[in-house]
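Overview (structure and organization)
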Amino acid sequence: MRIDLNYGRNGTVLELPDDWDVTVLRKPLMPVLADPEEAVLSALEKPVGGRPLRETARGCRTACVAICDITRPVPNGVILPSVVRELLAAGLAPENITILVATGLHRPNLGDELRELIGDEWVLNTVNVVNHFARNDEDHVDLGTTRKGLPVKIDRRFVQADLRLVVGLIEPHFMAGYSGGRKLVLPGVAHQDTITMFHTTRFLEHPRAANCVLEGNPLHEAQLEVVRRLGAIWAVNAVIDEHRRLAHINFGEIEASHGAAVDFMRGYAELPCPGLFKTVVTSGGGYPLDRTYYQTVKGMVGAMDILAPGGNLIIAAKCSEGLGSPDYVAAQRKLVKLGVEGFMDTLWSKRHADVDEWQTEMQLKPMRVGRIQLFSEGLSAGEHELTGVDNVGSLEGAVRQSVFRTGSRKVAVIPEGPYVIPRYRP
C-alpha cells in the first residue's frame, strides 16, 4: 500500500505491506469551489449576519484587516484582492486601509515571505501591509480585564479602525477548538501580557481545551469575551481541502460567520474511529505548518485520541527552519532536563507563561499516552535531542519496528496531520 503524506513542500510516500490492516483517515471528499474568486465576491455580497461588505464599509474612514501569519495556508491571493476592491469601492482611500499580519508572538513576516503570504502584488503595493508586534507596549490599547482577570490589550491599529475585519482559515485547533474568527484577535493582535496569561496552565489543562471543542472551552470563551468588548468585527472564513483548494468561504459578523464555517468543517475534519491503534502514523501538516518543530506538536496532539496506551505515535515533519523560536528552544531544553513531571511542576503557579512554553506543555499530552517518534530531515542532531521524543531515520522502518514490537498489524495513518482529528468512538 502506497500512502502520500503531507511533508514539507513536496510530501513524502509511506509504503506498507498489503497484508497489513491499514486504516487511512482522510477528510471525506470536499465540494471544491469551481470559481474561487467569484465565490469570494459572492460571500462578500451575501453575508452571514449583517450587510454586504461594501455597504458596511460605506462611511468608514479607516479599515484594518487582520490576517493569519505565514504558518497558515490561507488563500490570501484569492481573498484579499476582492476585499480591498470592495473597501475602495465603498469610498475608503488606499492609505487608510491596513492589512495587519496577526503574528501573536510569532516572528514577523517580511520580504519574500510577506509577498508569499499576501499572494497578490497589487494588494501589497496598494494598501498598508504591516506586522503586529506583541512586545511593543505603545502599539496596544488597554481595554481592562475579562471577568476572569485576563488583561485585554489589543493592537491599537485594529481597535481604533472604523471597520475591523479578520480573514482566517477554519481548521481544528488543539487548544481553542477551531482556528479562525476570534483567534485572529486573541492571540493574533494581542499584547504579550494578554497572550502569556491566555496560555497558562489553568487554561491549557482544562479538559475542554482541545481540538474541535468550543462549548465549555475556556480559551474560546475568553476569545469571545474579548471580541465582544471591542464591538463590531467582521470576518471572512475560508475552508480548504487536503490539496489546499478553496472548498467553502463566507463573510459576516465574526461570531455568526465563524460558527457557520465551523459547522461546515466539522463534517470533514472530525472522523469517528471505532478502535485504538498500537501504531499511529501522522504528519505535521506539510508546508507551511511543518517548517518548525514548534508547529509539529499539533500533529501529535491531533492523533493522540486513537493511540492505544503505550503505543507508538510516529510523526513526519520537515522542520526546515529547525525547532522554532529561542524561547521555545529554552522551554524544550527545560523539558529534557526536568522530565515530564518536573516540567509540569514549574507551570502551575505561574500567572504568565514563559513565551512559547505552552507548546512544550501541549506536547506532554500525547507523551502521557504513548511513545512519540519523529521523522524529520530538517533538524540537526543537537536539535533532535531537544525535541524530547525519539528520532527515527526511516519512516517505514519505524512503522515496521512498531508492528514487530507490538505484535499488531493494525496501523492508522493520518496523511494530513492536524487538519484531521480522529475520535475514538467504540
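This text goes with the structure placed above it.
Notes on the structure in this doc start here. What you see is a predicted model, and the numbers here were worked out from it, not measured in a lab. (Residues numbered from 1 in each chain as written. Predicted model: local features only at pLDDT ≥ 70, side-chain atom pairs only at ≥ 80, totals over all residues. Heavy atoms only, no water.)

**Thoughts on the sheet that holds strand 9 (residues 163–169)**
- Strand order in the open sheet formed by six strands is 6-5-4-9-12-13, with mixed pairing between adjacent strands. The sheet is open, and its two edges are formed by strand 6 (128–131) and strand 13 (246–253), each paired on a single side. Recorded for the sheet is a direction-independent mean angle of 20° between the axes of neighbouring strands.
- Pairing of strand 9 with strand 12 (residues 234–240) involves five bridges; the strand directions are parallel. By the bridge assignment for strand 12, valine 167 is matched with valine 236.
- Lying over the sheet, helix 3 (residues 76–89) contacts strand 4 (63–68), strand 5 (97–102), strand 9, strand 12 and strand 13, oriented at roughly 175° with respect to strand 4. (Pairing = 2+ DSSP bridges. Helix = DSSP H or I, 4+ residues; strand = E, 2+ residues; numbered from the N terminus. Axes fitted to C-alpha atoms, helices over the stretch in contact; angles between N-to-C directions. Contact = heavy atoms within 4.5 Å.)

**Considering the nonpolar core**
- Ile99, Ile154, Phe158 and Val185 are the most contacted members of the largest nonpolar core, which totals 109 residues.
- Setting aside anything within four residues of it in sequence, one finds phenylalanine 158 in contact with Cys64, Ala66, Leu100, Arg164, Leu165, Val166, Val185, Val189, Leu230 and Ile233.
- Ala316, Val392, Ala398 and Val413 belong to the second-largest nonpolar core, a separate cluster that totals 18 residues. (Core = buried A, V, L, I, M, F, W, Y, C linked by side-chain atoms within 4.5 Å. Buried < 20%, exposed > 50% of the residue type's maximum accessible area, 1.4 Å probe, protein only.)

**Quick word on the pairing of strand 1 (residues 2–5)**
- Every second residue of strand 1 is oriented toward a common face, the buried set being Ile3 and Leu5 and the non-buried set Arg2 and Asp4.
- Note: strand 1 against strand 2 (residues 12–15), four bridges, orientation antiparallel. When the bridges of strand 2 are listed, isoleucine 3 appears paired with leucine 14.

**Remarks on the environment of arginine 400**
- Tracing the backbone through its elements, the reader meets arginine 400 in helix 15 (residues 395–406).
- Along the backbone, arginine 400 and glycine 382 are 18 residues apart, and their C-alpha atoms lie at a distance of 26 Å.
- Beyond its immediate sequence surroundings of up to four residues, arginine 400 is in contact with Pro17 and Trp20.

**A few points about the sheet that holds strand 3 (residues 21–24)**
- If you trace the six strands from one edge of the open sheet to the other, you get 3-19-15-16-17-18, paired in parallel fashion. Looking along the sheet, the strands with just one partner apiece sit at the ends: strand 3 and strand 18 (390–391).
- Pairing analysis gives four bridges linking strand 3 to strand 19 (residues 410–414), with the strands arranged parallel. Residue pairing in the sheet places valine 24 in a bridge with valine 413 of strand 19.
- Contacting strand 15 (277–283), strand 16 (307–316), strand 17 (371–375) and strand 19, helix 11 (residues 293–303) runs over the sheet at an angle of about 145° to strand 16.

**Observations concerning the pattern of salt bridges**
- Counted by the stated rule, this structure contains 25 salt bridges.
- Residue glutamate 113 pairs with arginine 107 through a salt bridge whose shortest N-O separation is 2.5 Å.
- In this structure, a network of salt bridges that share partners links the residues Arg107, Glu113, Arg291 and Glu321. (Salt bridge = Lys/Arg side-chain N within 4 Å of Asp/Glu carboxyl O.)

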